[in-house]
Amino acid sequence: MSALLEVSGVSVTFDGFRAINNLSFSIGAAELRAIIGPNGAGKTTFMDIVTGKTRPDKGRVLWGERSQSLLSFNEAQIARMGVGRKFQRPTVFEDQSVSDNLMMALKARRGPFSVLWWRPAQEHRDKVAALAAEVGLSEQLARKAGELSHGQKQWLEIGMLLAQEPRLLLVDEPAAGMTLAEREHTTKLLVELAKTRAVVVVEHDMEFVRRLNCKVTVLHEGSVLAEGSLDHVTKNPDVIEVYLGR
Amino acid sequence: MSRTFLAKNPSVLWFLLILSAFTLGVTLLSDAFGLDIVSTSFVKTLGKTLCLCLVALAMDLIWGYAGILSLGHMAFFAIGGYMIGMWLMYARTAEIVAGAMASEALPATAEELRNAIASQIFGVVGGSDLPLIWSFAHSFWVQLLLVVLVPGLLALIFGWLAFRSRVTGVYLSILTQAMTLALALYLFQNDSGLRGNNGLSGLQNIPGLADVSQADLSIWFFWASALALGLGYVLVAWVASGKFGSVIRAIRDDEQRVRFLGYSVEGYKLFVFTLTAIIAAIAGALYYPQAGIINPAELAPIASIYLAVWVAIGGRGRLYGAVIGAAFVSLLSSWFTGGRAPSVNLGFYTINWVDWWLILLGLAFVMVTLFAPKGMGGLFDLLTKIASPDRKGAPLGPDDGALMEKEAQK
Ligand SMILES: Nc1ncnc2c1ncn2[C@@H]1O[C@H](COP(=O)(O)OP(=O)(O)O)[C@@H](O)[C@H]1O
Ligand SMILES: [Mg+2]
């Protein structure tokens, strides 16, 4: 199976501080992967690199069947190529209604001129309704996103991600601030999504990762410390030291 | 322009109704229609005010909706005025020169005519040749096209350079101030080809309409300004509604997030910047024939700051707010600075409004920003009882242009 995303030998330095150090990572077209690691390990920075927000000092980031380098594209272009991203803090457009938020995310042409003339058709309204149902926000469609609870904002953001129909989903700490029931719903959804696309979940809650039941990559000080099943990596003495030592 | 657009934006219909009623009322009371309750000079003031409302709409689109605090839009307004002013001055001078030469024994050649016009116009700056930029001044249609093209192109180039390097927030505002200052300084030079600090004058005399009275002309321009404002309102409301409006408001509140949705933020900013520059230029092209004169002082950086103050006082992020702010503050301003406001004698000191108006305006601006960020437009919420979400005063997004909670509207 060829990889959808292949990151190799990537390094990033912030003012002399190596946040990412010779990192290599790859994921298949329909795969679920969890990335764990202590705070400051470089998990968010890794996502920044893949989505074009941060340029690495060296290394390669290759995408898709044709192994295109992502490094020459900007954030918007990479998003249009099929990389979706969910942020650590829920970021939705609070001044706008839930349905406007979803409408904006819906896969469609993104240029100013096409957007100017674009008007929602019945099919788009149906899609938005279906997405809202999927993330449990059917009742909230007309409300402003700013009025939603923290958990509901997380869901709205997930709904917006789904609306984009990405081939690769990068999810940064989705379970933060969610109730137990919401966490279970999230796990199910992520496992389901990974059947048809690549999903990378960053999380430091071990219980959540266990429920995902997938291959785990352990990040530490900007590079991969261990990779494999959760049981495998938690037996690794280096991992134990990073998590329990000091 | 479907029925749903008006249904979703009831304020557009209300605005057009009120504007029509106002236009009709002023027309019936004007000198041109015999009543002369509204004087010709006041009709001109009202017509100019409508043009200022139009440029305020543009400002609201770029600042209130897209979150870009441009402090250079009055430069585009003035350039629009210069472009139409060139034709007005050239064609009018041509008429006069032709009239004067007609009495001579030999009919003047085209060459002689051209030279005579040039020395008429440029005598004040010691020139007698027509500068290259006046090549099309004889053609109304070309100059009309330039009203749109020159500011549009300038905005496109400036915006492309600024947005491409991701200049945002206060740095962008400073850059736009620098742009308008640079243009003003350039125009102040005598060899700029636009008569230096003399500017263009006599613009109230419309070529070919010498025997139409100023009373009639003033009401025609008033109508044209009202029409432009009405069309501008519909256009801006249409742009700001629907998905495009969603995207630019999203850019205002959190542009990084918009990028990750796949929208090219720079492209949208450039689009809005250029569109609003063109609207400003059209407003200027209608304003200066009513003002009669334009000079480089019109591009002073402070003019664009006033524009932002009007929109802030009227209430940014809603179109009728911008119109109300521009109309109210600019009319009040011309009343105070026109020396018509009675001085207040405090015994030990006399408050002379010509000097104190600016301070009053500054104070009003600070008060509005602090205590009523929704501006005068917010009064309408009291009428319709719109409640905003309670976010404990936090801004609605991480960006500089993001609306503060108190400004957010339904
Ligand atoms: N823009 C930045 N400038 C400077 N340092 C940064 C920047 N982004 C991240 N870092 C540093 O890089 C390290 C990795 O950060 P991050 O990727 O956010 O970690 P994680 O998400 O794994 O907790 C941290 O030490 C952080 O302080
Ligand atoms: Mg992080």
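Scroll up a little and you will see the structure.
Anyway, here's the lowdown on the structure attached to this text. (Residues numbered from 1 in each chain as written. Chains lettered and ligands numbered in written order. Predicted model: local features only at pLDDT ≥ 70, side-chain atom pairs only at ≥ 80, totals over all residues. Heavy atoms only, no water.)

1. Some thoughts on helix H13 (residues 353–371) of chain B
All names here are of chain B.
Here comes step 1: Turning to H13, its buried residues are Trp 353, Trp 357, Leu 361 and Val 368. For H13, the arc enclosing every buried residue in end-on projection is 85°, short of the 170-degree limit, so these residues lie on one face. Across H13 from its buried face, at more than 90 degrees, point the exposed residues Asp 355, Leu 363 and Leu 370.
Here comes step 2: Buried positions along H13 lie against helix H11 (301–314), helix H12 (319–337), strand S3 (344–345) and strand S4 (350–351). (Buried < 20%, exposed > 50% of the residue type's maximum accessible area, 1.4 Å probe, protein only. Helix = DSSP H or I, 4+ residues; strand = E, 2+ residues; numbered from the N terminus. Arc of directions from axis to C-beta. Contact = heavy atoms within 4.5 Å.)

2. Some details on empty space enclosed by the protein
All names here are of chain B.
Here comes step 1: Scanning the entire structure with this criterion turns up 2 cavities of 30 Å³ or more.
Here comes step 2: The volume enclosed by the largest cavity comes to roughly 50 Å³.
Here comes step 3: Considering the residues around the largest cavity, the lining is formed by Lys 44, Gln 204, Ile 206, Gln 214, Leu 217, Ser 218, Phe 221, Pro 289 and Gln 290.
Here comes step 4: Elements that contribute at least two residues to the lining of the largest cavity include exactly helix H8 (214–240) and helix H10 (265–291).
Here comes step 5: At 4 residues, H8 tops the list of elements feeding residues into the lining of the largest cavity.
Here comes step 6: Reported here for the second largest cavity is a volume of approximately 30 Å³. (1 Å grid on protein atoms, 1.4 Å probe; cavity = no way out; pocket = protein on both sides within 12 Å on 5 of 7 lines; lining within 4 Å. Points joined across faces, edges and corners; volume = space filled by probe spheres on them.)

3. Notes on the interface of chain A and chain B
Here comes step 1: On the chain B side, the residues contacting the 34 residues of chain A number 33 residues.
Here comes step 2: In total, chain A and chain B occlude about 3200 Å² of area from one another, counting both sides; carbon and sulfur atoms represent 61% of this.
Here comes step 3: The tally of links between chain A and chain B comes to 4 salt bridges.
Here comes step 4: Applying the counting criterion to the chain A and chain B interface returns 12 residue pairs in polar contact (both at pLDDT 80 or more).
Here comes step 5: When contributions to the side of chain A that touches chain B are tallied by element, the ones reaching two or more residues are helix H2 (75–81), helix H3 (98–105), helix H4 (112–117) and helix H6 (150–163) of chain A.
Here comes step 6: Ranked by residue count, the leading element in the side of chain A that touches chain B is H4(A), at 5 residues.
Here comes step 7: Taken together, the residues that form the side of chain A that touches chain B break down as 15 nonpolar, 7 polar and 12 charged. (Buried area = accessible area lost by both parts, 1.4 Å probe. Salt bridge = Lys/Arg side-chain N within 4 Å of Asp/Glu carboxyl O. Polar contact = N/O pair within 3.5 Å; in protein donor to acceptor, adjacent residues only side chain to side chain. Nonpolar A, V, L, I, M, F, W, Y, C, P; charged D, E, K, R; others polar.)

4. Looking at the site of ligand 1
Residue and element names in this part refer to chain A.
Here comes step 1: Lining the immediate environment of ligand 1, one finds Phe 14, Phe 17, Ala 19, Asn 39, Gly 40, Ala 41, Gly 42, Lys 43, Thr 44 and Thr 45.
Here comes step 2: Gly 42 places a polar main-chain atom, nitrogen or oxygen, 3.0 Å from an oxygen atom of ligand 1.
Here comes step 3: Thr 45 places a side-chain nitrogen or oxygen 2.6 Å from an oxygen atom of ligand 1.
Here comes step 4: For ligand 1, whose accessible area on its own is 560 Å², the fraction buried by protein is 61%.
Here comes step 5: Listing elements by their share of the shell around ligand 1, those giving two or more residues are strand S2 (17–28) and helix H1 (43–50).
Here comes step 6: It is H1 that provides the largest number of residues to the shell around ligand 1, a total of 3 residues.
Here comes step 7: Here the shell around ligand 1 is composed, by residue class, of 4 nonpolar, 5 polar and 1 charged. (Near = heavy atom within 4 Å. Areas by Shrake-Rupley, 256 points an atom, 1.4 Å probe, with all protein chains shown as cover.)

5. A look at the coordination of the magnesium ion (ligand 2)
Here comes step 1: Coordination of the magnesium ion (ligand 2) by the protein is provided by Thr44(A) (OG1) and Gln88(A) (OE1), with metal-donor distances spanning 2.1 to 2.7 Å. Here Thr44(A), found in helix H1, pairs with Gln88(A), found in the loop between strand S6 (83–86) and H3; they are 44 residues apart in sequence, far enough to count as distant. (Donors = N, O, S within 2.8 Å, 3.2 Å for Na, K, Ca; no water.)

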